[in-house]
Amino acid sequence: MRYERIEEAIFLERPNRFIAYASIRGEKEVVHVKNTGRCAELLIPGAKIYVQESENPERKTKWDLIAVKKQDRMINMDSQVPNKVVQEWLCKGALFGEGAIIRPETTYKNSRFDFYIEKNDRKAFIEVKGVTLETNGIVKFPDAPSERAVKHVGELIEAVKEGYEAYILFVIQMQHVKYFTPNRETHAEFGEMLKKAKKAGVKILAFDSIVTKEEILLNDEVEVVLTDPILKESVDPLVHWFRENKRELPWRKEISPYRVWVSEIMLQQTRVEAVKAYFERFMKALPTVESLAYAQEDHLLKLWEGLGYYNRVRNMQKAAVQIMEERQGVFPQTYEEIHALKGIGDYTAGAICSFAYGIPKPAVDGNVLRVVSRLLADASDISKASVKKQMEEAIEEIIPRDAASDFNQGLIELGAIVCVPNGEPKCGQCPLEHLCKAKAKGMERQLPVKTKAKDRRIEKKTVLILKDANTIAIRKRPSKGLLAGLYELPNVEGSFTRKQVIEYCNSIGLYPLHVEKIESAKHIFSHVEWHMTAYIIKVDELEKNCSEDLLFVKQGEIEKTYSIPSAFEKYRKYCF
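Report on the accompanying structure. Residue numbers restart at each chain and count upward from 1, following the sequence in its written direction. Restriction of local features to residues with pLDDT of at least 70 applies here, the model being predicted, together with a cutoff of 80 or more for giving and counting side-chain atom pairs; totals for whole chains, interfaces and linings are based on all residues. Where side-chain values are given, they derive from all heavy atoms of the structure, hydrogens and water being excluded.

### Section: the overall build of the protein chain
Next up, step 1: Within the protein chain one finds 19 helices and 22 strands.
Next up, step 2: C-alpha atoms define the radius of gyration, and 2.2 Å times the number of residues to the power 0.38 defines the globule rule. A compact globule built from 576 residues should have a C-alpha radius of gyration of about 25 Å, whereas the protein chain, at 34 Å, is more than 25% larger.
Next up, step 3: For the protein chain, the spread of C-alpha atoms along the principal axes amounts to about 120 × 55 × 45 Å.
Next up, step 4: The buried label applies to any residue whose accessible area, calculated with a 1.4 Å probe on protein chains only, is under 20% of its type's maximum; exposed applies above 50%, and partly exposed to all values in between. Relative to its full complement of 576 residues, the protein chain shows a buried share of 53%.
Next up, step 5: Here, two residues are considered to be in contact whenever any of their heavy atoms come within 4.5 Å of each other. In the protein chain, the share of contacts with a sequence separation of at least 24, taken over all contacts with a separation of at least 6, comes to 66%.
Next up, step 6: Note on areas: Shrake-Rupley with a 1.4 Å probe; residue coverage comes only from the protein chains shown. Of the roughly 28,200 Å² that the protein chain leaves accessible, carbon and sulfur atoms contribute 47%.
Next up, step 7: In this charge count, Lys and Arg are treated as positive and Asp and Glu as negative; neither His nor the chain ends contribute. By convention, charge coordinates are those of NZ in Lys, CZ in Arg, CG in Asp, or CD in Glu. If you average the places of the 88 positive and of the 84 negative side-chain charges in the protein chain, the two averages end up 4 Å apart. Going along the chain from the N terminus, every DSSP run of H or I of four or more residues is numbered as a helix, and every run of E of two or more is numbered as a strand.

### Remarks on the environment of Lys 69
Next up, step 1: Within the fold, Lys 69 resides in strand β5 (residues 63-70).
Next up, step 2: Residues Lys 69 and Gln 322 lie 253 residues apart in sequence; the distance between their C-alpha atoms is 61 Å.
Next up, step 3: Sequence-distant contacts of Lys 69, that is, excluding residues within four places in its chain, are made with Lys 48, Tyr 50 and Met 74.

### Details of the pairing of strand β8 (residues 111-119)
Next up, step 1: A pair of strands is treated as paired once DSSP finds two or more bridges between them. In this structure, strand β7 (residues 101-108) lies alongside β8, joined through seven bridges in antiparallel fashion. Pairing of Ile 101 across the sheet is with Glu 118, part of β8.
Next up, step 2: Taken together, β7 and the strand that follows it, β8, pair antiparallel across an intervening segment of two residues, in which Lys 109 is found at a positive phi of about 55°.
Next up, step 3: For β8 and strand β9 (residues 122-131), the ladder comprises five bridges, and the chain directions are antiparallel. Pairing of Ile 117 across the sheet is with Ala 124, part of β9.
Next up, step 4: The turn joining β8 and β9, which pair antiparallel and follow one another in sequence, is formed by two residues; a positive phi near 55° is taken by Asn 120.

### Notes on the side chain of Ser 234
Next up, step 1: Position of Ser 234 relative to the elements: it lies in helix α4 (residues 229-245).
Next up, step 2: Taking relative accessible area as the criterion, Ser 234 reaches 1% and is therefore assigned buried.
Next up, step 3: Apart from residues no more than four positions distant in its own chain, Ser 234 is found in contact with Leu 375, Phe 407, Leu 432 and Leu 435.

### Some thoughts on the packing of helix α2 (residues 147-161) against helix α3 (residues 184-200)
Next up, step 1: Angles here are taken between N-to-C directions and fall from 0 to 180 degrees, while the axes themselves are lines fitted to C-alpha atoms, restricted in helices to the stretch in contact. Two numbers describe how α2 lies on α3: the axes approach to 9 Å, and their chain directions differ by 10°. Classified by the angle between their axes, α2 and α3 sit roughly parallel to one another. The way α2 lies across α3 gives a crossing that is left-handed. Across from Glu 147, Ala 149, Val 150, Val 153, Gly 154, Ile 157 and Val 160 in α2, the residues of α3 making contact are His 187, Glu 189, Phe 190, Met 193, Leu 194, Lys 196, Ala 197 and Ala 200.
Next up, step 2: Charged residues are taken to be Asp, Glu, Lys and Arg, nonpolar residues to be Ala, Val, Leu, Ile, Met, Phe, Trp, Tyr, Cys and Pro, and polar residues to be all remaining types, Gly included. Partitioned by chemical class, the residues of the contact of α2 with α3 number 10 nonpolar, two polar and three charged. Angles below 35 degrees are treated as roughly parallel, those above 145 as roughly antiparallel, those between 65 and 115 as roughly perpendicular, and all remaining angles as oblique. Take the far helix as your reference; a near helix turned counterclockwise from it by less than a right angle gives a left-handed crossing, and one turned clockwise gives a right-handed crossing.

### Quick word on the packing of aromatic side chains
Next up, step 1: Stacked, edge-to-face and tilted are the three classes for Phe, Tyr and Trp ring pairs, Trp counted by its six-membered ring, which pair at centre distances within 6.5 Å; planes under 30 degrees apart are stacked, over 60 edge-to-face, the rest tilted. The final tally for this structure, using the stated rule, is 19 aromatic pairs.
Next up, step 2: Relative to Phe 125, the ring of Tyr 116 has its centre 5.3 Å away and its plane inclined at 50°; by these criteria the two rings are tilted.
Next up, step 3: With centroids separated by 4.2 Å and ring planes inclined at 25°, the aromatic side chains of Phe 170 and Phe 180 adopt a geometry described as stacked. Within this pair, whereas Phe 170 is found in strand β12 (residues 165-172), its partner Phe 180 is found in strand β13 (residues 179-182), the two being separated by 10 residues in sequence. Each member of the pair, Phe 170 as well as Phe 180, is classed as buried.
Next up, step 4: Put simply, the rings of Tyr 108, Phe 113, Tyr 116, Phe 125 and Tyr 164 touch in pairs and so form one group of aromatic residues.
Next up, step 5: Working rule: Lys NZ or Arg CZ, within 6 Å of ring centre, within 35 degrees of ring normal, means a charge sits over the ring. One cation-aromatic arrangement involves Lys 361 over Tyr 335; the distance from NZ or CZ to the ring centre is 4.4 Å.
Next up, step 6: For the cation-ring pair, Lys 461 lies above Trp 530, with the distance from its terminal atom to the ring centre recorded as 4.9 Å.

### Things to note about the sheet that holds strand β14 (residues 203-212)
Next up, step 1: An order of β7-β8-β9-β12-β14-β15 is seen for the six strands of this open sheet, with the pairing classed as mixed. Here the strands that pair on one side only, and so sit at the sheet edges, are β7 and β15 (215-221). Pairwise comparison of adjacent strand axes, ignoring direction, gives a mean angle of 35° for this sheet.
Next up, step 2: Bridge count for β9 against β12 is eight bridges, and the pairing is parallel. Of the residues in β12, the one forming a bridge with Gly 130 is Val 171.
Next up, step 3: The sheet contacts of helix α1 (residues 81-91) involve β7, β8, β9, β12, β14 and β15, and relative to β8 the element is tilted by about 5°.

### Some remarks on the nonpolar core
As a rule of thumb, nonpolar side chains are buried together in soluble globular proteins.
Next up, step 1: Counting residues in each nonpolar core, the largest one holds 106 residues, and the members touching the most others are Trp 261 and Phe 282.
Next up, step 2: No other element matches the seven residues that α4 contributes to this core.
Next up, step 3: Apart from the residues within four sequence positions on either side, Phe 282 is in contact with Tyr 258, Val 262, Met 266, Leu 292, Leu 300, Leu 303, Trp 304, Val 313 and Met 316.
Next up, step 4: In plain words, nonpolar cores are sets of buried Ala, Val, Leu, Ile, Met, Phe, Trp, Tyr and Cys residues tied together by side-chain atoms within 4.5 Å. Listed in part, the 49 residues of the second largest apolar core include Leu 42, Leu 43, Phe 141 and Met 174.

### Examining the state of the cysteines
Next up, step 1: By definition, disulfides here are pairs of cysteine sulfur atoms that lie within 2.5 Å. For the structure shown, the criterion picks out zero disulfides.
Next up, step 2: Left without a disulfide partner, Cys 427 is nearest to the cysteine sulfur of Cys 436, which lies 6.4 Å away.
Next up, step 3: Cys 505 provides the cysteine sulfur closest to Cys 546, a residue in no disulfide bond, and the two sulfurs are 8.8 Å apart.

### Considerations on the side chain of Ser 111
Next up, step 1: By secondary structure assignment, the location of Ser 111 is in strand β8.
Next up, step 2: Among the residues examined, Ser 111 registers a relative accessible area of 2% and is labelled buried.

### Focus on helix α10 (residues 311-327)
Next up, step 1: Multiplying 1.5 Å by the helix residue count minus one yields the expected span of that helix. Along its 17 residues, α10 runs 23 Å from first to last C-alpha, staying within 8% of the 24 Å computed at 1.5 Å per residue.
Next up, step 2: Among the residues of α10, Arg 312, Val 313, Arg 314, Met 316, Gln 317, Ala 319, Ala 320, Gln 322, Ile 323 and Met 324 are the ones counted as buried.
Next up, step 3: Its buried side turned inward, α10 meets α6 (257-267), α7 (272-285), α8 (289-293) and α9 (297-304).
Next up, step 4: Positive backbone phi, approximately 55°, marks Gln 328, located one or two places after α10.

In structure tokens:
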């Protein structure tokens, strides 16, 4: 859109919303302000402004304020122009292509939207908002509370429910900005409504404008950030920090979706240092999806021995079979296809997508929940699925498309080695310390908030290390339930005395030559604790007399062949 009769002027003062005083051609003149927002950051005494002379010589106020120059940026301030600019843009075929019916100012329910569009079977409403508030390249709307804007957003949500397309289009009346975000400091409710609208299917767009003293044209699309902009501001320093400080880990040496997958499953509830050797051993034995799919179960479980949660590796094998049978061995390359694999949830799918393919999907684990909670001073309970989902959505919005892997890994790494749990976070080493709301409020040690887990059920067991001169007894656990299908040292419920152990052995056809009580042990699972009493029982011949369904294995076979859960780790040294 072009303007005629433009004059350069100097802003003097603004006594009310509608008029200002300016020095024009050396004279103090009254100027009509066409933008009723506050604009206090723009209209400062001495600012260079541009005014339009009215065509009507009888008009009392002969000048209209059109634009202002802030440092080197031209900003259009005409609140009537965004609709005109959008109409020109739509008429050129934007959004709907050429030939669309465009009707300005159309009523729907209790709102009057800026445009109604029809083309073929498409019907849409567009609400236009002009944006002039800018700080350090970040543009915001509104600059004053606007209940009308909130109402419009709510009506657009209703329109979507009734089958219409709906758009909110922010016309940024300047060029060269970083991103757009709702102004929460001024009107938090508007920001929340925008998030609700996006989730409901309303498309939220922002475009900057090429602005001169005589023209304004809609230009390039601008990123819209509906979450807390602190997350957006964290991107660059976090990526830079990660690239300079990332740990050397085996799975980072050669990136592939398969290697990422294996490492991430191993890292669930297991320390990084412990996983390194397991990962190297696993990859040497099963270097491909195909080798995993067709591995013998005992071999697979032996490779996993000590990591716990054996269903994880069983599900990995099932997923590998899926890939072989349904995809001819080719690892899937989209989030939806990866997420559909057996045993892969939101986190693992996001990790594979971003680490291996650079797809901007979130990978939110406990480290990330802790970092984000502190960064935003968010006291929401991170044990709730709804809170995790909200954080995933917030992070997905700001993941850089050109650095998705480094950003996601950076958040995880920061939580692992700097923004640590259960102690003093190393704030002095944190690249986000200057952004961190928790640090600013002195509450970094109080976050995150997490509901205490229910007390674990305690089960008492007596472990029997049954030996003869050459062999030791083990048995396979049931195919379902805790430690399903693994091998264990025989055990019975309860804490047995020496006399009870001898009586039990006699009942299964064994006659102890020597019974020695050894150290007790405790093992913690997710929801249960085993409190174990243990005995070494030497007998004459195990296999000859025992009536129980046990396996009798020779020295060395346990180490090579049979996967014994870490619950029995304390007793392995007594087995030979």
